[in-house]
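# Examining the three-dimensional arrangement
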Amino acid sequence: AQTVTQSQPEMSVQEAETVTLSCTYDTSENNYYLFWYKQPPSRQMILVIRQEAYKQQNATENRFSVNFQKAAKSFSLKISDSQLGDTAMYFCAFMRGRYQLIWGAGTKLIIKP
Amino acid sequence: GAGVSQSPSNKVTEKGKDVELRCDPISGHTALYWYRQSLGQGLEFLIYFQGNSAPDKSGLPSDRFSAERTGGSVSTLTIQRTQQEDSAVYLCASSLGRGGTETQYFGPGTRLLVL
């Protein structure tokens, strides 16, 4: 069975610093998708970035980038020049099949002014 | 355009009562998903609707949980004879439903508290 593990329950950094959130997963599949979602206090899940396993190039979206290590089954999220608005819960998710997302427990990220 | 909306935003009920949670997907999205998020945990898949196809109910935790989708748009998640362990945030998401792996867009959720 696929599982997703986020080993950091909470992290805190100063504004403008760079922070990396870790995620590991377990699967026997060869082709799959991985996602990072952000959940601010408003509760709404917002897609941050997605990665397709068959693509070796790491996905990047502005200040957000991933370090995808397929052999190690690792999918970390790097946030550069962190901003106060980045404060949120961050969830890593694995797509099983075409639509079923398997989620990690989340990392609470606090950006301090 | 409008995103996924859910109602009510918060719901407090007594143990044993039935509750209905509503989800309005993004216009034009044919795929709809329900998830449950318990305190301090990630999301748990409940059910998936795609167009007129039979829904994937494999994530529903018990027969007290059911969901329907009328007219291929609005969906209602019903929990009968609620228990305290049903307390959680219930999130709905939708996607285009055109096949392949699609990004799911989420609503703000309904926070359910069973006393």
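Everything here concerns the structure above.
Residues numbered from 1 in each chain as written. Chains lettered and ligands numbered in written order. Predicted model: local features only at pLDDT ≥ 70, side-chain atom pairs only at ≥ 80, totals over all residues. Heavy atoms only, no water.

### A word on the overall build of chain B
Helix and strand content of chain B: zero helices and 10 strands. The secondary structure elements of chain B, listed N-terminal to C-terminal, are β-β-β-β-β-β-β-β-β-β. Relative to its length of 115 residues, chain B is compact, with a C-alpha radius of gyration of 13 Å against a globular reference of 13 Å. Taking the principal axes of the C-alpha coordinates as reference, chain B spans close to 40 × 25 × 25 Å. Residues counted as buried form 49% of the 115 residues belonging to chain B. In chain B, 55% of the contacts between residues at least 6 apart in sequence involve partners at least 24 apart. Counting only carbon and sulfur atoms, one obtains 46% of the accessible surface of chain B, whose full area is about 5,400 Å². (Helix = DSSP H or I, 4+ residues; strand = E, 2+ residues; numbered from the N terminus. Rg over C-alpha atoms; globule rule 2.2 N^0.38 Å. Buried < 20%, exposed > 50% of the residue type's maximum accessible area, 1.4 Å probe, protein only. Contact = heavy atoms within 4.5 Å. Areas by Shrake-Rupley, 256 points an atom, 1.4 Å probe, with all protein chains shown as cover.)

### Description of the state of the cysteines
Under the defined criterion, the tally for this structure stands at two disulfides over all chains. A sulfur-sulfur distance of 2.0 Å marks the disulfide that ties Cys23(A) to Cys92(A). Between Cys23(A) and Cys92(A) the sulfur-sulfur dihedral comes to about -70°; the bridge is accordingly left-handed. Here Cys23(A) is found in the loop between β3 (19-21) and β4 (24-26), whereas its partner Cys92(A) is found in strand β10 (residues 88-96), with 69 residues between them in sequence. Note on Cys23(A): relative accessible area 1%, which makes it buried. For Cys92(A), a relative accessible area of 0% translates into the label buried. Two residues share a disulfide in this structure: Cys23(B) and Cys92(B), whose sulfurs sit 1.8 Å from each other. (Disulfide = S-S within 2.5 Å.)

### Focus: the pattern of salt bridges
A side chain with one charge can pair with a side chain of the opposite charge if their charged atoms come near. Throughout the structure, instances matching the rule amount to seven salt bridges over all chains. We note a salt bridge from Arg63(A) to Asp86(A), for which the minimum N-O separation is 2.9 Å. A residue pair is termed long-range when its members are at least 10 positions apart, and Arg63(A) in the loop between β7 (60-61) and β8 (64-69) and Asp86(A) in the loop between β9 (74-79) and β10 qualify at 23 residues. The same class applies to Arg63(A) and to Asp86(A), which are both buried. Between Arg36(B) and Glu44(B) there is a salt bridge; the shortest N-O distance is 3.0 Å. (Salt bridge = Lys/Arg side-chain N within 4 Å of Asp/Glu carboxyl O.)

### As for the nonpolar core
Residue and element names in this part refer to chain A. Formed by 27 residues in total, the largest nonpolar core has its most connected members in Tyr25, Trp36, Phe75, Leu77 and Tyr90. Mapped by element, the contributors of at least two residues to this core are β2 (10-14), β3, β5 (33-39), β6 (46-52), β8, β9, β10 and β12 (107-112). Considering each element in turn, this core owes the most residues, four residues, to β10. Once residues within four sequence positions are removed from consideration, Tyr90 is found in contact with Gln6, Leu21, Trp36, Tyr37, Lys38, Val48, Phe64, Leu77, Ile79, Gly106, Thr107 and Leu109. (Core = buried A, V, L, I, M, F, W, Y, C linked by side-chain atoms within 4.5 Å.)

### Here's the deal with the pairing of strand β5 (residues 43-50) of chain B
Among the eight residues that make up β5(B), seven are buried, leaving the element largely enclosed by the rest of the structure. Once strand β4 (residues 31-37) of chain B ends, the chain turns through five residues before running back antiparallel as β5(B), passing Gly40(B) with a positive phi of about 75°. (Pairing = 2+ DSSP bridges.)

### Considering the interface of chain B and chain A
In this complex, chain B contributes 27 residues to the contact, which on the side of chain A involves 20 residues. Summed over both partners, the interface of chain B with chain A buries about 1,900 Å², with 49% contributed by carbon and sulfur atoms. Our enumeration of links across chain B and chain A arrives at zero salt bridges. Contributions of two or more residues to the side of chain B that touches chain A are made by β4, β5, β8 (88-95) and β10 (110-114) of chain B. (Buried area = accessible area lost by both parts, 1.4 Å probe.)

### Examining the pairing of β2(A)
Residues and elements named next belong to chain A. Side-chain alternation along β2 places Met11 and Val13 on a buried face and Glu10, Ser12 and Gln14 on a face that remains uncovered. Sheet topology note: the β2/β12 ladder contains five bridges and is parallel. The residue bridging Met11 from the neighbouring strand is Leu109, located in β12.

### Here's the deal with a nonpolar patch on the surface
Residue and element names in this part refer to chain B. Among the surface-exposed residues, Val12, Leu113 and Leu115 lie close enough to one another that they form a single nonpolar patch of about 280 Å² accessible area. Secondary-structure assignment places Leu115 in the segment after β10. Since its relative accessible area comes to 54%, Leu115 is described here as exposed. (Patch = residues over 30% accessible without salt bridge, like charges linked within 9 Å, V, L, I, M, F, W, Y side chains within 5 Å.)

### Remarks on the packing of aromatic side chains
Per the counting criterion, the structure on display carries 16 aromatic pairs over all chains. Between Trp103(A) and Tyr35(B), the aromatic rings sit 6.0 Å apart at their centres with planes inclined by 80°, giving edge-to-face as the arrangement. Residue Trp103(A) is found in strand β11 (residues 100-103), and its partner Tyr35(B) is found in strand β4; the two belong to separate chains. With respect to class, Trp103(A) is no different from Tyr35(B); both count as buried. Aromatic rings pair up to connect Phe35(A), Tyr37(A), Phe91(A), Tyr99(A), Trp103(A), Tyr33(B), Tyr35(B), Phe45(B), Tyr48(B) and Phe106(B) into one cluster. (Phe/Tyr/Trp six-rings, centres within 6.5 Å; stacked < 30°, edge-to-face > 60°.)

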